Amino acid sequence: MPQAVILSCQGPQLLAEESAFFKDVQPLGFILFERNCKTPDQVKRLINDLRSSVNHEFVPILIDQEGGRVVRLKPPHWRPVYPASLFGKLAEKNLQLAGECAFWQASLIGQELAELGINVNCAPCADLFFPDADPIIGDRAFSNQVSVIRHLSLQTIKGLKSQGIIPIIKHLPGHGRAPVDSHKELPIVDNSLKILQETDFLVFNQICQDLKTEEHEIWGMTAHVVYNTIDQIQPATHSITVVQKIIREFIGFEGFLITDCLTMEALEGSFAQRAQKAFAAACDAVLYC
């Protein structure tokens, strides 16, 4: 029985002690970073070794290949990937064309991932863009318009799925307003529930409603963000109220829900405590990078 945790390894080759650890722990899957990706043949060997270290048949191999600042596969071995904001700017002139471009970029990304043996991409980022928020989202967001993000996110999901890649929509229920970088400290959002339901949460709700009719498998990733009007103490990752009432009920997300990385400084306590809190909040798996 695999453990509901997604782990990473130190470098481009799997170390003997890492292999032994993974065989003992049996993690659900693995996530790759730039440190793990040097050449196509090397990545394929690493993925084969990772899969061989666990006993279960379906082994998710994740990567962050969003585009722009957030890419793990880079030239010269892999093609450059445009940031989400570029498609949002195009959408201001021609939404249909922007959607077609987002689809084809995602399908090309999916093709490269599938060739390596990667089957899950941590994209799209469906957070709203706010110029006065911390720039950690910034050009990773398609737009500041709900309708534009909805369309471009759906086309990105379709593009990835066309190549057999499972998308992870993030960061549920919305990271766009975060005043600080959750990698470094805990963001607190003070906006009213009404405002959030009409903006940040709404875009995820609309995407999920579209996905129900499209019948696409999709995963979701939580945000390490406190929403004061919902839970003044726990960030979404650790809040049963946010997960159940907002992510599952209001947004209507029915897919597999994983945490953002547990090592991020927005969270408190030992890593074991962070994982326990996430499972208590009804997350399906935790990500430890």
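Quick look at the structure, then. (Residues numbered from 1 in each chain as written. Predicted model: local features only at pLDDT ≥ 70, side-chain atom pairs only at ≥ 80, totals over all residues. Heavy atoms only, no water.)

## Details of the packing of helix H4 (residues 95–116) against helix H5 (residues 146–161)
The relative placement of two packed helices comes down to the angle between their axes together with the axis-to-axis distance. Following both chains from N to C, one finds H4 and H5 inclined at 30 degrees, their axes separated by 7 Å at the closest point. Handedness of the crossing formed by H4 with H5: right-handed. Only Val148, His151, Leu152, Gln155, Thr156, Lys158, Gly159 and Leu160 of H5 make contact with H4, whose side of the interface consists of Leu95, Ala98, Gly99, Ala102, Phe103, Ala106, Ser107, Ile109 and Gly110. Here the residues of the contact of H4 with H5 are counted per class, giving 9 nonpolar, 7 polar and 1 charged. (Axes fitted to C-alpha atoms, helices over the stretch in contact; angles between N-to-C directions. Helix = DSSP H or I, 4+ residues; strand = E, 2+ residues; numbered from the N terminus. Left-handed = near helix turned anticlockwise from the far one by under 90°. Contact = heavy atoms within 4.5 Å. Nonpolar A, V, L, I, M, F, W, Y, C, P; charged D, E, K, R; others polar.)

## What about the environment of Ala236?
You can see Ala236 is positioned in the loop between strand S8 (226–227) and helix H8 (240–250). Here Ala236 falls in the buried class, since its relative accessible area comes to 0%. Non-local contacts of Ala236, meaning those with residues more than four positions away in its chain, are made with Leu172, Pro173, Ala223, Val225, Tyr227, Val242 and Val243. (Buried < 20%, exposed > 50% of the residue type's maximum accessible area, 1.4 Å probe, protein only.)

## A closer look at the pattern of salt bridges
Within this structure, the stated rule accounts for 12 salt bridges. Two residues, Arg72 and Asp64, come together in a salt bridge whose shortest N-O distance is 3.4 Å. According to the relative accessible area criterion, Asp64 is buried, its value standing at 9%. Salt-bridge contacts for Arg69 lead to Asp139; the nearest nitrogen and oxygen are separated by 2.9 Å. Linking Arg69 in the loop between strand S3 (61–63) and helix H3 (84–91) with Asp139 in the loop between strand S4 (120–121) and H5, this pair joins segments that are 70 residues apart in sequence. Overall, Asp139 belongs to the partly exposed group, its relative accessible area being 29%. Through salt bridges with shared partners, a single ionic network connects Asp64, Glu66, Arg72, Arg140 and Lys170. (Salt bridge = Lys/Arg side-chain N within 4 Å of Asp/Glu carboxyl O.)

## A word on unusual backbone geometry
Leaving glycine aside, a negative phi is the common case for residues, and trans is the common case for peptide bonds. For the peptide bond that leads from Pro75 to Pro76, omega is 15 degrees, which places it in the cis range. Structurally, the position occupied by Pro76 is in the loop between S3 and H3. Residue Lys170 is joined to His171 through a cis peptide bond whose omega torsion reads 0 degrees. Mapped onto the elements of the fold, His171 is located in strand S5 (residues 166–172).

## A few points about the nonpolar core
The biggest cluster of nonpolar side chains holds 72 residues, and the ones touching the most others in it are Leu32, Tyr227 and Phe253. For this core, the leading source of residues is H5, giving 7 residues. Here Leu32 is in contact with Cys37, Val43, Leu46, Ile47, Leu50, Ile61, Leu62, Ile63, Asp64, Arg72 and Ile118, once residues within four sequence places are set aside. The next biggest cluster of nonpolar side chains, apart from the first, holds 14 residues, and it includes Ile31, Cys122, Trp219 and Ala285. (Core = buried A, V, L, I, M, F, W, Y, C linked by side-chain atoms within 4.5 Å.)

## Observations regarding the sheet that holds S4
Around the barrel, which closes on itself, the 8 strands sit in the order S1-S2-S3-S4-S5-S7-S9-S10 with parallel pairing between neighbours. The sheet contacts of helix H2 (residues 40–52) involve strand S2 (27–32) and S3, and relative to S2 the element is tilted by about 165 degrees. (Pairing = 2+ DSSP bridges.)

## Here we look at the environment of Ala282
Considering the arrangement of structural elements, one finds Ala282 in the loop between helix H9 (271–280) and strand S10 (285–287). Among the residues examined, Ala282 registers a relative accessible area of 25% and is labelled partly exposed. Each C-alpha atom, one on Ala282 and one on Gly176, is 23 Å from the other, the two residues being 106 residues apart in sequence. Those residues in contact with Ala282, other than ones at most four positions away along the chain, are Ile240, Val243 and Gln244.

## Side note on the state of the cysteines
Here the structure, examined in full by the defined rule, presents 0 disulfides. The cysteine Cys37 is free of any disulfide, with Cys9 supplying the nearest cysteine sulfur at 9.0 Å. The cysteine Cys289 is free of any disulfide, with Cys261 supplying the nearest cysteine sulfur at 3.4 Å. (Disulfide = S-S within 2.5 Å.)

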